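Here is what each chain is made of, one letter per residue.
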Amino acid sequence: MTLRKLPVRSRLPLAVLTASVICLRCIAGVGIPLPVLSGLCVLLTVLCLSEKPAVSLPLAAMLGLLLLSLALHPEPDFPVRAMRMAALTVGLVCFSPLVSTEALTRVRRVIARTLFTGLSLGVCASFLIWLYLTVTAGTYTHTSFSYFGFTGIFGYGMLLSSVSAVVCIAATWKFFRAGSRGIALVMALLAAVSFVCCVAGGSRMALLGLLLSLAAILLTQRQRLRDLSRRPAFLTALLLAVILTAVCLPGATTALRHKINVSQQHESLFYSRRQLWQTRTDEFLSSPLLGIGFANEFPIEDPITQRPPGSIEPGSSWLTVLTYGGILTAIPFLWFMWDTVRKLLRRRGRPEYPLLLALLIFFLLNGVTEGWLFFAGSLMFPLFWLTCSEIVVTPRD
């Protein structure tokens, strides 16, 4: 029996392992190299190509144009950028609808469920750390858990905010779909804990995206909410979640208040991103047709945006499409996003529609200030592309 003819069940443990590695890589202090994750993705993809795959033409065109931009602009650091391109290619094949088979769809769903479980545990652990520091010391700002906001176990405040937002969205949807009082209570409390952690992380765009995503779920679940209001157990779970959020929220706003004060002092709402966005704009204008090359950036002298050697900070996922690949790359990407939104709207009335709509809203907003779109080592990368895959795949009744 060849690898490709292995039963689907034999691929699922590998999918769980892959998701577990993704979770562990984003936890501060766990340094699993990206090639390890890429290797697992390659193996998982090979095992799932037992049938003729469907190929997304816009994503294939986008990837091809990014490869062309790298070939036309090989300097500087071509070996490092080529490795990032290889990781991007592997990640898109494994997580995005660039290549689709029935087996890949199944393992992607296993990966998504495992990621939700692992990230939920990470958020809960972070909440307990925040609660302990708040109760015992009154603040976390002078501890190792402070870096542009409360970090929890994720190393960066912005990452904790983004992860918590995704967990909160999924938990809120699961609360509405819960079939038992126990699950409803767990999901309501998880949503409350995640909301507090999102605020504590200090990312304003993540919080805005979360609020709009939760509004989308509430709007699309109005009838379900009316039905649940007649069930005392669900109302109790909701009340406990609201009380937990109200009690914890005042102590979780330290980073947000600091960032708002800094913005007011510099008369700029996005002071920390202003230089990055200006640089991305200059890069695009210097080569608007095919960009300046994949994973290539102009030097930045602003001390706020200084970074270690070998690392890059795009500052926006959507601007990287234009700067790395130019207008020619932006066209197939916009084509893909238009097709994704169109297919999502066709799912109105289906149980998963509120969740997918809310996640897509969050990622579209979060990508304005975070540059994870083309970087397979970022946690948001698989989360976004798995969401797109679930939207694009043909649903089965």
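See the structure shown above.
Read on for a plain summary of the structure. The shown structure was predicted, so the numbers you read here are calculated from the model rather than taken from an experiment. (Residues numbered from 1 in each chain as written. Predicted model: local features only at pLDDT ≥ 70, side-chain atom pairs only at ≥ 80, totals over all residues. Heavy atoms only, no water.)

### Comments concerning the overall build of the protein chain
In step 1: The helix and strand inventory of the protein chain stands at 15 helices and two strands.
In step 2: Here the C-alpha atoms of the protein chain give a radius of gyration of 21 Å, agreeing with the 21 Å that 2.2 N^0.38 yields for 397 residues.
In step 3: For the protein chain, the spread of C-alpha atoms along the principal axes amounts to about 60 × 60 × 35 Å.
In step 4: A total accessible area of about 18200 Å² is found for the protein chain, and carbon and sulfur atoms account for 68% of it.
In step 5: Charge separation in the protein chain, taken as the distance between the mean sites of 34 positive and 17 negative side-chain charges, equals 14 Å. (Helix = DSSP H or I, 4+ residues; strand = E, 2+ residues; numbered from the N terminus. Rg over C-alpha atoms; globule rule 2.2 N^0.38 Å. Areas by Shrake-Rupley, 256 points an atom, 1.4 Å probe, with all protein chains shown as cover. Lys, Arg positive; Asp, Glu negative; His and termini not counted. Charge placed at Lys NZ, Arg CZ, Asp CG, Glu CD.)

### A look at unusual backbone geometry
Excluding glycine, most residues fall at negative phi; most peptide bonds, likewise, are trans.
In step 1: The omega torsion of the bond from glutamate 75 to proline 76 falls at 0°, within 30 degrees of zero and hence cis.
In step 2: For proline 76, the position within the fold is in the loop between α3 (57-72) and α4 (78-95).
In step 3: You will see that aspartate 77, though not glycine, has its phi angle at about 55°, which is positive.
In step 4: With respect to the helices and strands, the residue aspartate 77 is situated in the loop between α3 and α4.
In step 5: Unlike most non-glycine residues, alanine 295 shows phi in positive territory, near 55°.
In step 6: Residue alanine 295 is classed as buried on the basis of its relative accessible area, which comes to 5%. (Buried < 20%, exposed > 50% of the residue type's maximum accessible area, 1.4 Å probe, protein only.)

### Quick word on the pattern of salt bridges
In step 1: Applying the stated criterion across every chain, the model contains nine salt bridges.
In step 2: Two residues, glutamate 102 and arginine 106, come together in a salt bridge whose shortest N-O distance is 2.7 Å. Here the residue glutamate 102 and the residue arginine 106 both occupy positions in helix α5 (residues 102-136), the gap between them amounting to four residues, near one helical turn.
In step 3: Notably, a salt bridge pairs glutamate 352 with arginine 350, separated by 2.8 Å at the nearest N-O pair. (Salt bridge = Lys/Arg side-chain N within 4 Å of Asp/Glu carboxyl O.)

### Focus: helix α6 (residues 157-177)
In step 1: Over its 21 residues, α6 runs 30 Å from end to end, which matches the ideal 30 Å to within 8%, given 1.5 Å per residue.
In step 2: Among the 21 residues of α6, 18 are classified as buried, and the element is accordingly described as predominantly covered. (Expected span 1.5 Å × (residues − 1).)

### Notes on the packing of aromatic side chains
In step 1: Across all of its chains, the model carries 19 aromatic pairs by this definition.
In step 2: Ring geometry for phenylalanine 294 against tyrosine 324: centres 5.9 Å apart, planes inclined by 75°, an arrangement best described as edge-to-face. Of this pair, phenylalanine 294 sits in the loop between α12 (271-286) and α13 (317-345) while tyrosine 324 sits in helix α13; the two residues are 30 residues apart in sequence, bridging distant segments of the chain.
In step 3: A residue is classified by how much of its surface remains accessible, and phenylalanine 294, at 0% relative accessible area, is buried. (Phe/Tyr/Trp six-rings, centres within 6.5 Å; stacked < 30°, edge-to-face > 60°.)

### Some points on the side chain of threonine 329
In step 1: Tracing the backbone shows threonine 329 in helix α13.
In step 2: Those residues within four positions of threonine 329 in sequence are excluded, and the remaining contacts are Met62, Leu65, Leu66 and Val321. (Contact = heavy atoms within 4.5 Å.)

### Considering the side chain of arginine 347
In step 1: For arginine 347, the position within the fold is in the loop between α13 and α14 (353-369).
In step 2: A polar atom in the side chain of arginine 347 sits 2.9 Å from the side chain of glutamate 352. (Polar contact = N/O pair within 3.5 Å; in protein donor to acceptor, adjacent residues only side chain to side chain.)

### Notes on a nonpolar patch on the surface
In step 1: A cluster of nonpolar side chains, namely Leu185, Leu189, Leu239, Leu240, Ile243 and Val247, defines an oily patch on the protein surface of about 510 Å² accessible area.
In step 2: The biggest single contributor to the nonpolar patch is helix α10 (residues 232-248), with four residues. (Patch = residues over 30% accessible without salt bridge, like charges linked within 9 Å, V, L, I, M, F, W, Y side chains within 5 Å.)

### So, the environment of valine 368
In step 1: Turning to its location among the elements, valine 368 is positioned in helix α14.
In step 2: Along the sequence, valine 368 and tryptophan 318 sit 50 residues apart, while their C-alpha atoms lie 6.4 Å from each other.
In step 3: Ignoring anything within four residues of it in the chain, the contact list for valine 368 reads Met205, Trp277, Gly315, Ser316 and Trp318.

### Focus on α13
In step 1: The end-to-end C-alpha distance of α13 is 23 Å, clearly below the 42 Å that 29 residues give at a rise of 1.5 Å each.
In step 2: The largest bend along α13 reaches roughly 125° and is located at glycine 325.
In step 3: The N-cap residue of α13 is serine 316: its side-chain oxygen and the backbone nitrogen of tryptophan 318 are 3.4 Å apart. (Bend = angle between axes of the 7 residues up to and from the residue.)

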